[in-house]
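Structural overview
Next come the chains, spelled out residue by residue.
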Amino acid sequence: MKNNYWLLTIILALVALPGKADEWIRINQLSYLPQSVKVAVFMSEEGTDVKSYALVDAFTGKTVQTFTAAKPTGKMEGMKSTYRLDFSNFQEPGTYYLKAGKAASPRFPINAQVYNGTADFLLNYMRQQRCGYNPFLKDSCHVHDGYIVYHPSKTGQHIDVRGGWHDATDYLQYTTTSANAIYQMMFAYQENPEAFSDAYDANGHPGANGIPDIVDEIKWGLDWLNRMNPAPGELYNQIADDRDHAGMRLPNEDEVDYGYGPGKGRPVYFCSGEPQVRGQFMNATTGVASTAGKFASCFALGAQILKDFYPEFAAEIGAKADAAYQEGVKKPGVCQTASVKSPYIYEEDNWVDDMELGAMELYKTTGDAKYLAQALEYGRREPVTPWMGVDSARHYQWYPFMNMGHYHLAKVNNERISKEFIRNLRTGIERTYQKAVESPFLHGIPYIWCSNNLTTAMLTQCRLYRETTGDETYTENGSRPPRLALRLQPVGHQHDCGTSALR
């Protein structure tokens, strides 16, 4: 007992000692292209006056350039001093680190290859999340899905909705997020087909199959989305619910019983356009359009992306695009997700952006001016994505965080329309930028759960705005990994939470 007393006394004395203040330099972990904006962030727990900073060759230890343009950015939470360290004018390839105050940054390269392979690397996540057959497990899961709920005449009937991706470390599946991921992959491939390689087959196993890996993943997702829309007017929004949250287990060992027997099938939620369960309450569903617009944009663009690889399938989903879109026209409003045990859901609160994008993809596919007119009407209802410039938001409140329909309208061959939607894109960026200038990371994103999705959306909007207009005003604000060749937000919510590409 006496020895324990003295041990406790020593521990308490050590805890009471004042800690040593520290300093850090945060860099872009993916490193820097020679011609890009190159900025790091210095931070200190004490007031520190940084007059200069140095770039040092990591192999020779020699200072290659000294800079005197440290930009003070004030306090940030527990940091009494922060500075932005710009070294953009240094373009010599090599491996370096920065020194400022008492801190040295991690080593980082500067070269033209630093982003090579990043797009394909992100696809590892999608393959790992596959439902149905999973290449990581080399086994299948959830093969009995599922049983219809909330349909006026088909509730209780079985429907084949195998495939798609698990939402996160749980195994729920949502059209809301999955359709958005599919669209992003298609847009990325359309913009940068040369960025993607062929190292995996259609089942996600190593080995080329003559089709870019991103197209394999797009096809996997569209196969599932096609099953979630088995007939005109029959759209489904979700598989399973929060009864899934029943402990850690592998997906092929999922034995949760939804009333159909352990592991024998899960509920499949019909897009009824009316409120559905949210714990002891009901969700705020008001229509179908937020989901219908996502179906429409995916089917319309998917038909174009896949026509050279899977012409029959491309024709099948292309024929479904307008029918899905018309469900949104008939039932305007948001289609929120459902939960049984708790109030936690994806609280999507806007829908005109989804219908705008659906209309634009149909216009691009058909050339029919009625879709352009409808896209304009939807786009003018929400000129700026509502989270841009605000301090907070509910979970996935204004999903999918960036309005790609605005970008497509900004590109139309009509100067008046183009100027209007360029202005809308710029306004969203400017609202975010006005908050960003208060941050040493130039990060005007609300720090909420899944704020990395907002970061990705803003970087994309900055990049597409700059490419559309040539305006370099927000280049530094959007200078983190340039598009990564893939604007890919994760499917769900568990793996994407954070704040900044600078660490």
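Residues numbered from 1 in each chain as written. Predicted model: local features only at pLDDT ≥ 70, side-chain atom pairs only at ≥ 80, totals over all residues. Heavy atoms only, no water.

Glancing now at the side chain of Thr118. By the secondary structure assignment, Thr118 is in helix H2 (residues 118-128). You can call Thr118 buried: its relative accessible area is 13%. (Helix = DSSP H or I, 4+ residues; strand = E, 2+ residues; numbered from the N terminus. Buried < 20%, exposed > 50% of the residue type's maximum accessible area, 1.4 Å probe, protein only.)

A few words on the sheet that holds strand S14 (residues 236-239). Strands sit in the order S12-S15-S14-S13 across an open sheet of four strands; the sheet is mixed. Edge positions in the sheet fall to strand S12 (147-149) and strand S13 (173-174), since each has one partner strand and no second. Bridge analysis of S12 against strand S15 (residues 267-270) gives three bridges, and the strand direction is parallel. Across the sheet, Val149 pairs through a bridge with Tyr269, a residue of S15. (Pairing = 2+ DSSP bridges.)

The antiparallel open sheet is built from four strands, whose spatial order is S1-S2-S6-S5. The open sheet terminates on both sides in strands that have one partner only, identified here as strand S1 (23-26) and strand S5 (71-72). Pairing geometry for S1 and strand S2 (residues 39-44), over four bridges, is antiparallel. If you follow Trp24 over to S2, its bridge partner there is Met43.

Once that is clear, we can look at the side chain of Thr432. Structurally, the position occupied by Thr432 is in helix H10 (residues 415-436). The buried category is assigned to Thr432, whose relative accessible area is 1%. Thr432 has contacts with Trp387, Met388, Gly389, Gly444, Ile445 and Met458, leaving out every residue within four places of it along the chain. (Contact = heavy atoms within 4.5 Å.)

A residue-level look at the protein finds 90% of positions with pLDDT of 70 or above and a mean pLDDT of 91. Of the regions scoring below 50 in pLDDT, residues 8-19 engages in zero contacts with residues more than four places distant in sequence or in other chains. (pLDDT = per-residue confidence, 0-100.)

What follows deals with the packing of aromatic side chains. Each aromatic ring pair is described using two quantities: the centre-to-centre distance and the angle formed by the ring planes. Overall, the coordinates contain 22 aromatic pairs when judged by the stated rule. With a centroid separation of 5.7 Å and 70° between ring planes, the pair formed by Tyr433 and Tyr474 is classed as edge-to-face. Highlighted residues: Tyr433 in helix H10 and Tyr474 in the segment after helix H11 (451-469), separated in sequence by 41 residues. Given the relative accessible area of 6%, Tyr474 is considered buried. Counting every residue linked through ring pairs, the aromatic cluster contains Tyr174, Tyr346, Tyr396, Tyr399 and Phe401. Note that Lys219 overlies the ring of Phe313, its terminal NZ or CZ placed 4.6 Å from the centroid. (Phe/Tyr/Trp six-rings, centres within 6.5 Å; stacked < 30°, edge-to-face > 60°. Lys NZ or Arg CZ within 6 Å of the ring centre and 35° of its normal.)

Side-chain alternation along S15 places Pro267 and Tyr269 on one buried face and Val268 and Phe270 on a second face that is also buried. Relative to S15, S14 is paired through three bridges, and the arrangement is antiparallel. Bridge assignment links Ile239 to a residue of S15, and that residue is Val268.

With that out of the way, let us pick up the nonpolar core. Membership of the largest hydrophobic core comes to 98 residues, with the highest contact counts inside it found for Met186, Ile218, Leu222, Leu225 and Leu409. In terms of residue count, the dominant contributor to this core is helix H5 (residues 289-306) (eleven residues). Apart from residues no more than four positions distant in its own chain, Leu222 is found in contact with Ile182, Met186, Cys298, Phe299, Gly302, Leu306, Phe313 and Ile317. The next biggest cluster of nonpolar side chains, apart from the first, holds 20 residues, and it includes Val50, Tyr53, Ala70 and Ile110. (Core = buried A, V, L, I, M, F, W, Y, C linked by side-chain atoms within 4.5 Å.)

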